[in-house]
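Coordinates in review
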Amino acid sequence: MRKKNKKYLLFRLWSYLAKYPVMILSGFLLMLTSNLFSLMGPKLSGKAIDAIGNKPGAVDFERVFFYVGLMVGLYLISAVFAYLLSALTIKLTKQVIYQMRKDVFENLLRLPVSFFDKYQTGDIISVVSYDIDTVNQSLAGDLLQLMQSVITVLVSLVMMLTIAPSMVLIFAVTIPVSVCLTRFITGRSRPLFRERSGKLGELNGFAEEMLSGQKTTRAYGREEEVLAVFEEKNREAVEANTKAEYYATLTGPSVNFMNNLSLALISVIGSVLYLKGKIGLGDISAFVQYSRKFSGPINETANIIGELQSALAAAERVFRLIDELPEKPDAEAARVLKQVYGDVRMKDVEFSYQEGQKILHDFQLEAKAGQQIAIVGPTGAGKTTVINLLMRFYDIDLGMITLDGENIYELKRDDLRGAFSMVLQDTWLFHGTIWENLTYGRSDLTKQEVENAAKAAGIHSYIMSLKEGYDTVLSDNGVHISKGQRQLLTIARAMLTEAKMLILDEATSNVDTRTEQQIQSAMTKLMKDKTCFIIAHRLSTIRNADKILVVKDGKVVEEGNHRQLMDMGGFYYQLYQAQF
């Protein structure tokens, strides 16, 4: 994924804010009004000091109290507008972050399977949670403060020019130096914040992997090794964070030093001008206050810029996901798949996941409607790859795949995938009731239909033994039930679909032999009139298949039914005998 430059990231962030023009305009008016009322204070303070005078007994108390009261009133009004602005900002950022997280997740669902083969799940989750939250914090606080600082600096500059233009020349020296320091430091810190986000993503990805595989870790006694790797990744993440924060925190003190220097110069030059009678005490007081309001936001902005580097690094990761190209769209003339019979053919198919490393070579497959086609072969032969190509999870390099005589690339992808139902070796159940998991593919099923499928899969009696029956809530991926029971639930779910084609990828690998026989018997009835593609290592489970394709090194080396292949005494015969 390509890196995004700062202008692009700021433009994308603004594109989200620009969706709410009324809120933006209201916020700007509230911010402008609040700052203007607040910035009137130093001017009134200077007038109050002039009303006190520099001679004993010359105090004009009426004017002093008038200006003090006016200041209090203006500050109260400013505080009210500032509160309204904060409330509006929170509402705005809530809308923006909601939309941003929604866009990320929606695009994740549109991305090709190959994307998830390349990136760790934990790293992607880190973007959806941590990085978007980092952007949210910046929008809610830093961006608002930055805009307020701009207004404060501009108004303060105008007020200082009206009081003593000559003293404003001091900032002609200190401000450029501050800007140069800030640009230098932020130029060094942004790559470090990008590295920090990356290291945190790696840490989250590793943690997610290890936690999901903790049983295997303990079974092999690899706790110490896993802990050592975690400590290394944790150390790298902490060091990346420390470096980024170190450079970011240099900005504030450096700019603060220049601001204090400018204040000292203002005090000295102002005193000289006062002694020469060219400026009054009230003007000096007002100028000093305005200089603080002028330089204060610059100092705050310098601190904010460090945090903005973190937000931009996080935003870069977020927009990489949003901008990641989805699956290739259907062809303009793609046809709707109205009726499926299940006649599938693969002709002269070649495919490689990576250029130069072919997985399938001149692959041939012919499945007539209603046939059971078994695909067998050693690990890595390309069996699961065939399924990925049939479902268009990946696109072939050469050759042709047809369904009912039509090229699958001329059909709508959703229709094609809807024609299949799948049961994989790696079961997937979500947090919800058993009923919701079973009816995941369809919402129009009756209780009797669901129970019939559960009975056929051999899981109904277990479900009924549970206190809540079909209303029992499964935890994430059904971790509190056995692997075999999870497999039976996914098999029942596949039986309930109306798809004319069924894919079974090691579907009975997690059940015992007796249950497997029960499932095979039930499936024989339920798979009637469906084209079935069965991948199995237990060759005993596919003895009744209409056709068996023996795949080796990405090619079909033998083809026929069980008896024919056994009589041939070839590679299939060797695989079958090896089981015993």
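Refer to the preceding data block for the structure.
Residues numbered from 1 in each chain as written. Predicted model: local features only at pLDDT ≥ 70, side-chain atom pairs only at ≥ 80, totals over all residues. Heavy atoms only, no water.

1. Things to note about the sheet that holds strand S6 (residues 420–423)
Taken together, 6 strands build an open sheet; the order of strands is S6-S9-S10-S3-S11-S12 and the sheet is mixed. A strand with exactly one partner marks an edge of an open sheet, and here the two such strands are S6 and strand S12 (555–560). Neighbour-to-neighbour, the strand axes of the sheet open up by a mean angle of 20°, direction not taken into account. As defined by bridge partners, strand S11 (residues 547–552) adjoins S12 across 5 bridges and the pair is classed as antiparallel. Within the sheet, the bridge partner assigned to lysine 552 lies in S12 and is lysine 555. Contacting strand S3 (372–376), S6, strand S9 (501–505) and strand S10 (531–535), helix H12 (residues 383–390) crosses the sheet at an angle of about 145° to S10. Helix-sheet contacts for helix H17 (residues 483–495) involve S6 and S9, and the interaxial angle to S6 is about 170°. (Pairing = 2+ DSSP bridges. Helix = DSSP H or I, 4+ residues; strand = E, 2+ residues; numbered from the N terminus. Axes fitted to C-alpha atoms, helices over the stretch in contact; angles between N-to-C directions. Contact = heavy atoms within 4.5 Å.)

2. A short note on the packing of helix H1 (residues 6–17) against helix H4 (residues 61–110)
Running from N to C, H1 and H4 cross one another at 115°; their axes reach a closest spacing of 9 Å. The orientation of H1 relative to H4 falls into the category roughly perpendicular. The element H1 and its partner H4 pack so that their crossing is right-handed. Every residue of H4 that contacts H1 at Leu13, Tyr16 and Leu17 is listed here: Leu92, Val96, Gln99, Met100 and Asp103. A per-class count over the contact of H1 with H4 returns 6 nonpolar, 1 polar and 1 charged. (Parallel < 35°, antiparallel > 145°, perpendicular 65-115°, else oblique. Left-handed = near helix turned anticlockwise from the far one by under 90°. Nonpolar A, V, L, I, M, F, W, Y, C, P; charged D, E, K, R; others polar.)

3. Points about empty space enclosed by the protein
If you walk through the whole model with that rule in mind, you get 2 cavities of 30 Å³ or more. Considering only enclosed or pocket space, the second largest cavity measures out at about 40 Å³ in volume. Every residue lining the second largest cavity is listed: Val344, Leu390, Ile401, Thr402, Leu403, Ile408, Leu416, Phe420 and Met501. With 3 residues, strand S4 (residues 398–403) is the single largest residue contributor to the lining of the second largest cavity. Of the residues belonging to the lining of the second largest cavity, the class tally is 8 nonpolar, 1 polar and no charged. (1 Å grid on protein atoms, 1.4 Å probe; cavity = no way out; pocket = protein on both sides within 12 Å on 5 of 7 lines; lining within 4 Å. Points joined across faces, edges and corners; volume = space filled by probe spheres on them.)

4. Quick look at the environment of leucine 85
Note that leucine 85 resides in helix H4. The spacing of leucine 85 and methionine 31 is 54 residues in sequence and 6.5 Å in space, taken between C-alpha atoms. The contact partners of leucine 85, leaving out residues within four places of it in the chain, are Gly27, Leu30, Met31, Leu144 and Gln148.

5. Considerations on the environment of tyrosine 98
Tracing the backbone shows tyrosine 98 in helix H4. Linking tyrosine 98 and isoleucine 132, residues 34 residues apart in sequence, is a C-alpha distance of 9.5 Å.

6. Quick notes on the nonpolar core
The tendency in soluble globular proteins is for nonpolar side chains to be buried as a group. If you look at the biggest cluster of nonpolar residues, it comprises 53 residues, and the most contacted ones within it are Val96, Met100, Val104, Leu108, Val135, Phe287 and Phe319. Of all the elements in the fold, those that place two or more residues in this core are H1, helix H2 (21–39), H4, helix H6 (121–163), helix H7 (165–168), helix H8 (171–212), helix H10 (223–275) and helix H11 (281–323). With residues up to four places along the chain from it excluded, the contact list for methionine 100 reads Leu13, Tyr16, Ile132, Val135, Val318, Phe319 and Ile322. Counting 40 residues, the second largest nonpolar core, distinct from the first, contains Val423, Leu429, Leu496 and Cys532. (Core = buried A, V, L, I, M, F, W, Y, C linked by side-chain atoms within 4.5 Å. Buried < 20%, exposed > 50% of the residue type's maximum accessible area, 1.4 Å probe, protein only.)

7. A word on the sheet that holds S4
Reading across from one edge, S2-S1-S4-S5 is the order of the 4 strands in this open sheet, with antiparallel pairing throughout. Each edge of the sheet is formed by a strand with only one pairing partner; in this case those strands are strand S2 (357–367) and strand S5 (406–407). Taken together, the 5 bridges between strand S1 (residues 344–354) and S4 define a ladder with antiparallel strand orientation. Of the residues in S4, the one forming a bridge with valine 344 is leucine 403. In this fold H12 packs onto S1, S2 and S4, with an angle of close to 110° to the strand it touches most, S1.

8. Observations concerning unusual backbone geometry
Phi angles above zero are rare outside glycine, and aspartate 348 is one such case at about 50°. Looking at where aspartate 348 falls in the secondary structure, it is placed in strand S1.

9. Some remarks on the pattern of salt bridges
Within the structure shown, the criterion is met by 19 salt bridges. The salt bridge partner of aspartate 133 is arginine 101, with a shortest N-O separation of 3.2 Å. Separated by 32 residues along the polypeptide, aspartate 133 in helix H6 and arginine 101 in helix H4 bring together distant segments of the chain. When the shortest N-O distance is used, the salt bridge between lysine 358 and glutamate 350 registers 2.1 Å. Connected through salt bridges with shared partners, the residues Glu327, Asp330, Arg413 and Arg417 form a single ionic network. (Salt bridge = Lys/Arg side-chain N within 4 Å of Asp/Glu carboxyl O.)

10. Quick look at the packing of helix H15 (residues 447–457) against H17
Working note: a packed helix pair is described by the angle between its axes plus the distance between those axes. Following both chains from N to C, one finds H15 and H17 inclined at 130°, their axes separated by 9 Å at the closest point. Accordingly, the angle class assigned to the pair H15 and H17 is oblique. You can see that H15 and H17 cross each other, and the crossing is right-handed. Along its contact with H15, which presents Ala453, Ala454, Ala456 and Ala457, the element H17 presents Leu488, Ile491, Ala492 and Met495.

11. Here's the deal with the environment of valine 113
Mapping valine 113 onto the fold places it in helix H5 (residues 113–118). Separated by 275 residues in the primary sequence, valine 113 and asparagine 388 place their C-alpha atoms 9.2 Å from one another. Beyond its immediate stretch of four places on either side in the chain, valine 113 contacts Phe393 and Tyr394.

12. A look at the packing of aromatic side chains
Summed over the entire model, instances satisfying the criterion amount to 7 aromatic pairs. Their ring planes at 85° and their centres at 4.7 Å tell us that phenylalanine 351 and tyrosine 353 sit as a pair that is edge-to-face. For phenylalanine 351, a relative accessible area of 2% gives the class buried. Taking relative accessible area as the criterion, tyrosine 353 reaches 38% and is therefore assigned partly exposed. When the ring of phenylalanine 351 is compared with that of tyrosine 394, the centres are 5.8 Å apart and the planes differ by 65°; the resulting orientation is edge-to-face. Of this pair, phenylalanine 351 sits in strand S1 while tyrosine 394 sits in the loop between H12 and S4, and the two are 43 residues apart along the sequence. Just as phenylalanine 351 is buried, tyrosine 394 falls in that class too. Through pairs of rings, three or more aromatic residues link up here, namely Phe351, Tyr353 and Tyr394. (Phe/Tyr/Trp six-rings, centres within 6.5 Å; stacked < 30°, edge-to-face > 60°.)

Nothing here speaks to function; it is geometry throughout.
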